Amino acid sequence: MAVSIYAAIDVGSSELSMKIYEVSKSRGIRELNHVRRDLNLGAETYSKGLISYQTTDEICRTLNDFKRVMADFGTEAWQVYSTSGLREAANALVVIDQIKIQTGFKVKILSNSEARFLYYKALALKEENFDSMIQEGTLIVDIGAGSLQLSLFDKGVLCVTQNLLLGSTRIRELLQAMEGANYDFQDLISEYVERDLYTFKKLYLDLMNINIQCIIAVGGMIPEIYRRMTPDNPEPDVSFYDKILSRTALSLGIPNSHINRMIPTILLCRKISQITGCERLHLSAIDLCDSMVAEYAEKKVKLLSKHDFTSDILSTSQNIARKYKVDEEHAATVQELAMQIFDRIRKLHGLGKRERLLLQISVILHSCGLYIDAIQSRECSYRIIMSTEIIGLSHRERAMVANVVRYNSSIFPPYSQFAQDFTRDEYITMVKLNAILITANVLDKSNRHKIHTVGVTLKDGVLTITADTMADITLERGLFYRKAYIFQEVFGIRPVLKQKRSGKK
């Protein structure tokens, strides 16, 4: 039985945390140890924009302490992740370099969408009833130190997600200067957060006509609050809230410094519950370390949840397309054609499942810019995609999709224009996906959906695309040959369009 000892280290906004796990296919994930140390990383970043030398030194000393614990457990694999507390610091690269020099650890800074997606994976793996819970109006509230992520699930898939700069530490740092005898600090926080929360409700919950049946709260101080729940009362009640909000929680064994960080989290939960009219609040003890080991277990021992995250990514993309009034029938037709071409020339492009997903998203969103400007639609599509989070995609993957869409009617620019942002392999991937998108899009350029099925054969350096349709495709044929050179430049073969009239749909 293969057993791996793995350490997950979170350089968090309010604490440095490490959990050591035993991971195996048969036993799953078992936590062996948890050590942590308070840290003012987020407070410095959100108030000053920089991380001090003293804090950097403290991080390095603590990580070296963690290394000794890891050695005691015989740790075989480890990862060090950080999120907004380090990501938003102006000197983040300097801090990461010092950590590497002084400790040997290489820190990976997660984008917001990457971090939130890890939480969803951990929820699906550890929460036994996750799939049943998200069948009817479930709002996952991920309260980080720097931001709040609201993700709406319905009918088993992710419908929409929105990031708001309402993290618990950020709120506290912004409003701390106003805390005093003449202010009700709780009312101040409530007033500060309610506008963004009401906007989310109007834009998504009201328009989509979805009633929230359950709120799942994760992240930030939620695990700490969860640990204070009694076995007989696993959900927070009014008396628990009141003790913390009145700062009498010392009777619960909670340090005063932790109470100060809990207050914005509790007020956010309470406000979201009031705005959505949902009283069913489920707290999850899952933290970033648990999310990291879920990702590791998936890759190392193929320990997978039953939830289909690819469907979530595509569902979110489709909802973005609907927001910008994309012609869904056209997008569906082009997607079907693009997937057929992609699948039939695998030996030519050498790409995998992840790249196939990026192509699907590119097709779904390729015409969203028409909502803003018909002449500059491709540039507008690029801007929309770059400005819209897609949970499950990293920032670089989202940028790849945006560029595939941006150049979907012309030959892709040279690598020199992308060298600062993408590797050569990523550039080649974009070029290949772009060529397939252009070819598929041309086959439905009239938006009349004349071609639904194509046959693709490769022989003697010629790629023959046979369109099975009874319709007149004179326009598509003419445009196809105008764009065929792009496909030929990328894949080194000449595409030819032929028509077959079988009468089958």
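In the block above lies the structure referred to throughout.
Residues numbered from 1 in each chain as written. Predicted model: local features only at pLDDT ≥ 70, side-chain atom pairs only at ≥ 80, totals over all residues. Heavy atoms only, no water.

### Quick look at the overall build of the chain
Looking only at helices and strands, the chain features 20 helices and 13 strands. Taking 505 residues into account, the globule formula puts the C-alpha radius of gyration at 23 Å, and the chain, at 26 Å, falls close to it. Long-range contacts, defined as pairs at least 24 residues apart, comprise 68% of the intrachain contacts of the chain with a sequence gap of at least 6. Accessible surface for the chain amounts to roughly 23300 Å². Of this, 49% is attributable to carbon and sulfur atoms. (Helix = DSSP H or I, 4+ residues; strand = E, 2+ residues; numbered from the N terminus. Rg over C-alpha atoms; globule rule 2.2 N^0.38 Å. Contact = heavy atoms within 4.5 Å. Areas by Shrake-Rupley, 256 points an atom, 1.4 Å probe, with all protein chains shown as cover.)

### Overview of the packing of aromatic side chains
In total, this model carries 15 aromatic pairs according to the counting rule given. Between phenylalanine 418 and phenylalanine 422, the aromatic rings sit 6.2 Å apart at their centres with planes inclined by 55°, giving tilted as the arrangement. Classification of phenylalanine 418 as buried rests on a relative accessible area of 4%. You can call phenylalanine 422 buried: its relative accessible area is 6%. Seen in terms of ring centroids, phenylalanine 480 and tyrosine 481 are 5.5 Å apart; in terms of plane orientation they differ by 90°. Their pairing is edge-to-face. Following the ring pairs from residue to residue traces out a cluster consisting of Tyr407, Phe412, Tyr415, Phe418, Phe422 and Tyr427. The lysine or arginine in question, lysine 67, covers the ring of phenylalanine 105, its NZ or CZ lying 5.9 Å from the ring centre. A cation over an aromatic ring shows up here: arginine 406 above the ring of tyrosine 382, its NZ or CZ 3.8 Å from the ring centre. (Phe/Tyr/Trp six-rings, centres within 6.5 Å; stacked < 30°, edge-to-face > 60°. Buried < 20%, exposed > 50% of the residue type's maximum accessible area, 1.4 Å probe, protein only. Lys NZ or Arg CZ within 6 Å of the ring centre and 35° of its normal.)

### Here's the deal with the layout of surface pockets
Estimates place the volume of the largest pocket at around 1200 Å³. Lining the largest pocket we find 33 residues, and of these Phe117, Lys121, Glu298, Arg354 and Gly392 sit closest to its centre. Grouping the constituent residues of the lining of the largest pocket by class yields 12 nonpolar, eight polar and 13 charged. Of the voids in this model, the second largest pocket is the one considered here, and its volume is about 450 Å³. Secondary structure elements with two or more residues in the lining of the second largest pocket: strand E8 (157-164), helix H8 (185-208) and helix H13 (309-323). Residue composition of the lining of the second largest pocket, grouped by class: eight nonpolar, seven polar and three charged. (1 Å grid on protein atoms, 1.4 Å probe; cavity = no way out; pocket = protein on both sides within 12 Å on 5 of 7 lines; lining within 4 Å. Points joined across faces, edges and corners; volume = space filled by probe spheres on them. Nonpolar A, V, L, I, M, F, W, Y, C, P; charged D, E, K, R; others polar.)

### Description of the pairing of strand E1 (residues 3-11)
Extensive coverage of E1 is indicated by the burial of eight of its nine residues. Direction of pairing for E1 relative to strand E2 (residues 15-24): antiparallel, over a ladder of nine bridges. Paired with serine 4 across the bridge in E2 is valine 23. Connecting E1 to the next strand, E2, in antiparallel fashion are three residues. Of the pairings in the sheet, the one linking E1 to strand E4 (residues 77-82) comprises six bridges and is parallel in character. Bridging from a neighbouring strand, valine 11 pairs with serine 82 of E4. (Pairing = 2+ DSSP bridges.)

### Some words on the side chain of lysine 271
Note on placement: lysine 271 falls in helix H11 (residues 256-276). Lysine 271 has contacts with Ser190, Val193, Glu194 and Leu197, leaving out every residue within four places of it along the chain.

### A few points about the nonpolar core
Generally speaking, nonpolar side chains in soluble globular proteins are found buried as a group. Within the largest apolar cluster, 99 residues are counted, with the highest numbers of intra-cluster contacts made by Tyr6, Leu359, Ile361, Leu365 and Ile465. Setting aside anything within four residues of it in sequence, one finds isoleucine 465 in contact with Ile341, Thr439, Leu443, Val454, Gly455, Val456, Phe480, Val496, Leu497 and Lys498. Cys159, Leu205, Ile222 and Leu281 belong to the second largest nonpolar core, which has 36 residues in total. (Core = buried A, V, L, I, M, F, W, Y, C linked by side-chain atoms within 4.5 Å.)

### Observations regarding helix H2 (residues 53-72)
Each α-helix turn comprises 3.6 residues. Residues three or four places apart therefore point the same way. With 20 residues, H2 should cover 28 Å at 1.5 Å per step; its first-to-last C-alpha distance of 29 Å lies within 8% of that length. Residues of H2 that are buried include every one of Thr55, Thr56, Ile59, Cys60, Thr62, Leu63, Phe66 and Met70, and no others. Buried residues along H2 sit in contact with E1, E2, strand E3 (28-38), helix H1 (41-48), E4 and helix H4 (92-103). Glycine 74 sits one or two residues past H2 and shows a positive phi near 65°. (Expected span 1.5 Å × (residues − 1).)

### Details of empty space enclosed by the protein
Applying the stated rule across the entire model yields two cavities of 30 Å³ or more. Lining of the largest cavity is provided by 32 residues; of these, Asp10, Tyr119, Ala145, Gly219 and Gly220 occupy positions nearest its centre. Sorting the residues of the lining of the largest cavity by element identifies E2, E3, helix H3 (84-87), helix H5 (112-126), helix H7 (168-175), helix H9 (222-227) and H11 as the ones contributing at least two each. A per-element tally of the lining of the largest cavity places H5 first, with four residues. Class assignment of the residues belonging to the lining of the largest cavity gives a composition of six nonpolar, 16 polar and 10 charged. Reported here for the second largest cavity is a volume of approximately 50 Å³.

### A look at helix H16 (residues 353-365)
Across its 13 residues, H16 extends 19 Å between first and last C-alpha, which sits within 8% of the 18 Å expected from 1.5 Å per residue. Those residues of H16 not exposed but buried are Leu357, Leu358, Leu359, Gln360, Ile361, Ser362, Val363, Ile364 and Leu365. In the core, the buried residues of H16 are packed alongside H13, helix H14 (328-344), helix H17 (377-387), helix H18 (395-406) and helix H19 (424-442).

### A look at the sheet that holds strand E12 (residues 462-468)
Pairing in this open sheet of three strands is mixed, and the strands run E11-E12-E13 from one edge to the other. If you trace the sheet from one side to the other, it starts and ends with strand E11 (454-459) and strand E13 (494-500), each paired once. For this sheet, the mean inter-axis angle between neighbouring strands, taken without regard to orientation, is 20°. Of the strand pairs in this sheet, E11 and E12 are connected by six bridges, and their pairing is antiparallel. Its bridge partner lying in E12, valine 454 is registered against alanine 467. Here H14 sits on the sheet in contact with E11 and E12, set at roughly 25° to E11. Docked against the sheet, helix H20 (residues 474-491) engages E12 and E13, running at close to 155° with respect to E13. (Axes fitted to C-alpha atoms, helices over the stretch in contact; angles between N-to-C directions.)

### Some details on unusual backbone geometry
Residue lysine 155 is not a glycine yet carries a positive backbone phi of 55°. Positionally, lysine 155 belongs in the loop between strand E7 (148-154) and E8. The exposure class of lysine 155 is exposed, given its relative accessible area of 65%. Of note, the phi angle at asparagine 209 is positive, near 55°, even though the residue is not glycine.

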